[in-house]
Amino acid sequence: MGASVCKSYDEEQIRFMRAKHFRYWLILLLAGILWELFFLYKDTLVWMKTAWFGYTPDRAGIFVPPLFVWMAYTRLKNIPKTTVDAPVWGCAVILFSLGAFILARVLDIHFIQALSLIGVIFGMVVYWGGVRFSANFIFPFVFLMLMIPSVSYLIESIAGAILRWAVLHGSYIVLKLGGGAWQLHPAGLQCGEAFLQVGFPRGGFASILFLLIVHFAAGEWALKNEARKIFFMVHFPLYFIIAYICFYTLSGWTLVLGNEFISLAFETVGGGIPLLCFILLVAAMLRLSGRSAGNRDKKKRR
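This is a predicted model, so every value here is computed, not measured. (Residues numbered from 1 in each chain as written. Predicted model: local features only at pLDDT ≥ 70, side-chain atom pairs only at ≥ 80, totals over all residues. Heavy atoms only, no water.)

Trainee: Where do I start with the confidence of the model for the protein in this structure?
Mentor: The predicted coordinates should not be examined in detail at positions where pLDDT is low. When pLDDT is averaged along the protein, the result is 80, and 77% of the positions lie at 70 or above. Across the protein, helix α7 (residues 138-144) holds the top mean pLDDT of 92, while helix α1 (residues 2-40) sits lowest at 56. Note on residues 13-20: pLDDT is under 50 here. Beyond four places in sequence and across chains, it has zero contacts. (pLDDT = per-residue confidence, 0-100. Helix = DSSP H or I, 4+ residues; strand = E, 2+ residues; numbered from the N terminus. Contact = heavy atoms within 4.5 Å.)

Trainee: How should the environment of Leu-117 be read in this particular structure?
Mentor: By the element assignment, Leu-117 lies in helix α5 (residues 110-129). Taking the C-alpha atoms as reference points, Leu-117 and Leu-37, separated by 80 residues in sequence, lie 8.2 Å from one another. Sequence-distant contacts of Leu-117, that is, excluding residues within four places in its chain, are made with Tyr-41, Leu-45 and Met-48.

Trainee: Explain the layout of surface pockets to me, please; I cannot follow it from the model alone.
Mentor: The method is simple in principle: a probe with the dimensions of a water molecule rolls over the atoms, and the space it marks as empty is what remains. What the second largest pocket holds in volume is close to 260 Å³. What lines the second largest pocket is simply Trp-70, Thr-74, Arg-75, Asn-78, Ile-79, Asn-136, Glu-220, Trp-221, Leu-223, Lys-224, Glu-226 and Lys-229. Contributions of two or more residues to the lining of the second largest pocket are made by α3 (64-78), α9 (208-222) and α10 (226-234). The greatest single-element share of the lining of the second largest pocket, amounting to four residues, is contributed by α3. The residue makeup of the lining of the second largest pocket, split by class, is four nonpolar, three polar and five charged. (1 Å grid on protein atoms, 1.4 Å probe; cavity = no way out; pocket = protein on both sides within 12 Å on 5 of 7 lines; lining within 4 Å. Points joined across faces, edges and corners; volume = space filled by probe spheres on them. Nonpolar A, V, L, I, M, F, W, Y, C, P; charged D, E, K, R; others polar.)

Trainee: Would you explain the side chain of Glu-220 in this entry?
Mentor: Among the structural elements, Glu-220 can be located in helix α9. Excluding residues within four positions of it along the chain, Glu-220 makes contact with Trp-70, Met-71, Thr-74, Arg-75, Phe-139 and Lys-229.

Trainee: Help me understand the pattern of salt bridges in this model?
Mentor: Scanning the model with the defined rule gives five salt bridges in all. Residue Glu-226 is joined to Arg-75 by a salt bridge in which the shortest nitrogen-to-oxygen separation is 2.9 Å. Taken together, the residues Glu-226 in helix α10 and Arg-75 in helix α3 connect sequence positions 151 residues apart. Judged by its relative accessible area of 33%, Glu-226 is partly exposed. When the shortest N-O distance is used, the salt bridge between Lys-229 and Glu-226 registers 3.6 Å. Here Lys-229 and its partner Glu-226 are both found in helix α10, three residues apart, which amounts to about one turn of the helix. Within the structure, one salt-bridge network assembled from shared partners comprises Arg-75, Glu-220, Glu-226 and Lys-229. (Salt bridge = Lys/Arg side-chain N within 4 Å of Asp/Glu carboxyl O. Buried < 20%, exposed > 50% of the residue type's maximum accessible area, 1.4 Å probe, protein only.)

Trainee: Whenever I open this one, helix α8 (residues 151-177) confuses me. Can you help?
Mentor: Because each turn of an α-helix spans 3.6 residues, side chains separated by three or four positions in sequence point in the same direction. In a regular helix each residue adds 1.5 Å, so 27 residues correspond to 39 Å; α8 covers 37 Å between its end C-alpha atoms and thus fits that length. At Ala-159, α8 is bent by approximately 55 degrees, the largest bend along its length. All buried positions along α8 are accounted for by Val-151, Ser-152, Ile-155, Glu-156, Gly-160, Leu-163, Ala-166, Val-167, Leu-168, Gly-170, Ser-171 and Leu-175. (Expected span 1.5 Å × (residues − 1). Bend = angle between axes of the 7 residues up to and from the residue.)

Trainee: Looking at this structure, how should I read the pairing of strand β2 (residues 188-191)?
Mentor: Sheet topology note: the strand β1 (residues 182-185)/β2 ladder contains four bridges and is antiparallel. Residue pairing for β2: His-185 is matched across the bridge by Gly-188. Between the end of β1 and the start of β2, which pair antiparallel, lie two residues. The loop that links β2 with its antiparallel partner strand β3 (residues 194-197) comprises two residues; one of these, Gly-192, has a positive phi angle of about 70 degrees. (Pairing = 2+ DSSP bridges.)

Trainee: Explain the state of the cysteines to me, please; I cannot follow it from the model alone.
Mentor: Where two cysteines share a covalent bond between their sulfur atoms, that bond is called a disulfide. Counted under the stated rule, the structure contains zero disulfides. With no disulfide of its own, Cys-246 lies 4.7 Å from the sulfur of Cys-277, the closest cysteine sulfur. (Disulfide = S-S within 2.5 Å.)

What follows is the structure, given as structure tokens:
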């Protein structure tokens, strides 16, 4: 009996050493793959770095990679281990992304090159973890796309005009309700000789891109259910419009008052007001969402 116990103990030690060596080899393999990716996408990474530090509208993208790492790490800790599916889908995603990279390299399209890098990394996740496992990381990888330069331009080209129209008319309605002979113009609002131009900064903490990054991070931090995160993300245009209506309402009142001290104070902190309004609004909605979810859970328990 003692011999069988020693034998099982030796076998357990051998399995432990094999698993330990396998982890070392796996780490070396991943390091090698990352080095190859860095070498392959070196020009793309340099292009992104240059845009982040040299072009104001794309500067907010620098916050995306560290936030992505945080999202991926928190999900990795909370996701239960599952059996790995066939790695064929991961290979397909990687090959498709590399093909897109080669085509974009020939055509000199940096945006698609950067997008293919995200596709390759996601394909590696699918290959190593399986389809079910990688499905938990779709939200962070969609968020990672915001780091690509020119995304701010695409967002503003697609939704900027609609958002500006909604903010312009919403601010006009609120200011009219507050009193004053406000008139609506295509470029802004006018009250007497005072004119308030309505628009959004393309860069900085009040830009559409930065507020969208804040929105993603808030949803990831406060919400656990994926369906609720998607529902929360769909409401970004509404929160953005309300935040800027608050900003331009305050701007209009400050403009009408004409007090130099108030005008100076508003100009000093004015750029941060849309961000502050947006954060307060998002926090309030997440609070209400958490309470409603808690009430539903209590009803289910009963």
